[in-house]
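Below are the chains, spelled out letter by letter.
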Amino acid sequence: RGEVPAQARVVDYVIDARLDAEQHQVAGTVRISWRNTSASAVDQLPLHLYMNGFRAEDTAWMSEARGSHRGVQQSKPGAWGYIDVTAARLLGPGPGPGPGGLETGRGPVVALTPREGDDPSVASVRLPAAIQPGERVVVELDFLTQLPEVFARTGYSDQFHIVGQWFPKLGVLQPDGVWRTHVFTLNAEFYADFGDYEVHLDVPEAMVVGASGILVAADPPADGRKRLHYRAEMVHDFAWAADPAFVEASSTWKDVRIRQLLQPEQLADAPLHLEALVATLESMEARFGPYPWS
């Protein structure tokens, strides 16, 4: 759909994650490669830990929602969700030349200490040296995400898992050098730089999985599990869903592949969903131009 402007390339993510379908947990590592596109040096990286919005009754999100969302109450024992960053590492400057020919080779690994903010939905890591304008840095975070019972577009119900807001995500540095990493609240919108995602998911073999981007590789199943490799180019976020009961209904609109994953008892509704999807794509194309993904 045309060239992506160089200035739009700010952050990329490589994620390796494993779903424990019995404990409803996702354990993973995210490697974040970020370029300072502002005119100011920065010495810390602020993070969104969105799942912590569902950690307890007194978070900003739960306080605003008064413990419920669309009629669902989130106060049962064991129904909460959270995300713990268990380790953080500075891997050094990012690969390849940055703007102006700046060479950015990999440096020594340095342990970092994540610090939670005033609300648990935000945190930060302080860097040992400031990242100058135009420079790139790579950090790696280990995390454990506990999914809540399905709540506010994320969570689990029996073997169904919808995994959104699930990994540590970088805030946005404005051109004036001010970070925008707002606390996760009921009426907040998700604000992030677009970037490329390479995501490896380790899931039980029986799971049918749908995810952002394109499935580019799948390892042969072993020991009752399988590994799936997804690639999503210049997207705002990465989310996925998994359920052994999913039934697939596939179609196309122009050159866009549409893949629906439905519960068996809802398969008859697939034509209605397709009609709504096509109407939406056509409406958005008339306003903003061709849909840029396949």
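Definitions and cut-offs
Residues numbered from 1 in each chain as written. Predicted model: local features only at pLDDT ≥ 70, side-chain atom pairs only at ≥ 80, totals over all residues. Heavy atoms only, no water. Helix = DSSP H or I, 4+ residues; strand = E, 2+ residues; numbered from the N terminus. Buried < 20%, exposed > 50% of the residue type's maximum accessible area, 1.4 Å probe, protein only. Contact = heavy atoms within 4.5 Å. Areas by Shrake-Rupley, 256 points an atom, 1.4 Å probe, with all protein chains shown as cover. Salt bridge = Lys/Arg side-chain N within 4 Å of Asp/Glu carboxyl O. Expected span 1.5 Å × (residues − 1). Arc of directions from axis to C-beta. Phe/Tyr/Trp six-rings, centres within 6.5 Å; stacked < 30°, edge-to-face > 60°. Pairing = 2+ DSSP bridges. Polar contact = N/O pair within 3.5 Å; in protein donor to acceptor, adjacent residues only side chain to side chain.

Enquirer: Describe the overall build of the protein, with residues and values.
Expert: Counting its regular elements, the protein contains two helices and 22 strands. Burial statistics for the protein: of 294 residues in total, 44% are counted as buried. Taking contacts inside the protein between residues at least 6 apart in sequence as the whole, the part at least 24 apart equals 68%. Total accessible area on the protein is roughly 14,900 Å²; 52% of this is exposed by carbon and sulfur atoms.

Enquirer: Run through the environment of Ala241, naming residues and quoting values.
Expert: With respect to the secondary-structure elements, Ala241 resides in strand β20 (residues 240-243). By relative accessible area, Ala241 is classed as buried at 16%. C-alpha separation for the pair Ala241 and Thr154, spaced 87 residues apart in sequence, amounts to 9.3 Å. Those residues in contact with Ala241 that sit more than four places away from it in its chain are His161, Ile162, Val208, Val209, Gly210 and Phe246.

Enquirer: Go over the pattern of salt bridges, please, and point to the residues and values.
Expert: Enumeration over the complete set of coordinates arrives at 13 salt bridges. Close ionic contact of Lys254 with Glu285 constitutes a salt bridge, the shortest N to O distance being 2.6 Å. With Lys254 in the loop between β21 (247-253) and β22 (256-262) and Glu285 in helix α2 (residues 270-288), the pair connects residues that are 31 residues apart, well separated along the chain. Within the structure, one salt-bridge network assembled from shared partners comprises Arg31, Arg89, Glu140 and Asp142.

Enquirer: Give me the lowdown on α2, citing residues and values where you can.
Expert: Along its 19 residues, α2 runs 26 Å from first to last C-alpha, staying within 8% of the 27 Å computed at 1.5 Å per residue. Where α2 is concerned, the buried positions are Ala270, Val278 and Leu281. Axial view of α2: buried residues confined to an arc of 70°, hence all on one face. Every exposed residue of α2 that faces more than 90 degrees away from the buried side is listed here: Leu272, Glu275, Ala286 and Arg287. Along its buried surface, α2 packs onto β21 and β22. One or two residues past the end of α2 sits Gly289, with phi positive at roughly 105°.

Enquirer: Quick one: what's the story with the packing of aromatic side chains, residue by residue and with numbers?
Expert: Taken as a whole and judged by the stated rule, the model has 15 aromatic pairs. Aromatic side chains Tyr13 and Phe167 sit 5.6 Å apart centroid to centroid with 70° between the ring planes, which places their arrangement in the edge-to-face category. Within this pair, whereas Tyr13 is found in strand β1 (residues 11-20), its partner Phe167 is found in the loop between β12 (160-163) and β13 (169-170), the two being separated by 154 residues in sequence. The residues Tyr13 and Phe167 share a single accessibility class, namely buried.

Enquirer: Lay out the sheet that holds strand β8 (residues 114-116) with the relevant residues and their values.
Expert: Read across the open sheet, the four strands follow the order β8-β9-β3-β13; overall the sheet is antiparallel. The open sheet has two edge strands, β8 and β13, and neither has a second partner. Judged from the three bridges that link them, β8 and strand β9 (residues 122-131) form a sheet pairing that is antiparallel. Each residue of the ladder has a partner; that of Glu116, found in β9, is Ala123.

Enquirer: Any details on the side chain of Ser33? Residues and values, ideally.
Expert: Here Ser33 shows up in strand β2 (residues 25-35). By relative accessible area, which is 13% here, Ser33 ends up buried. In terms of polar contacts, Ser33 uses its side chain to reach the side chain of Arg136, at 3.1 Å.

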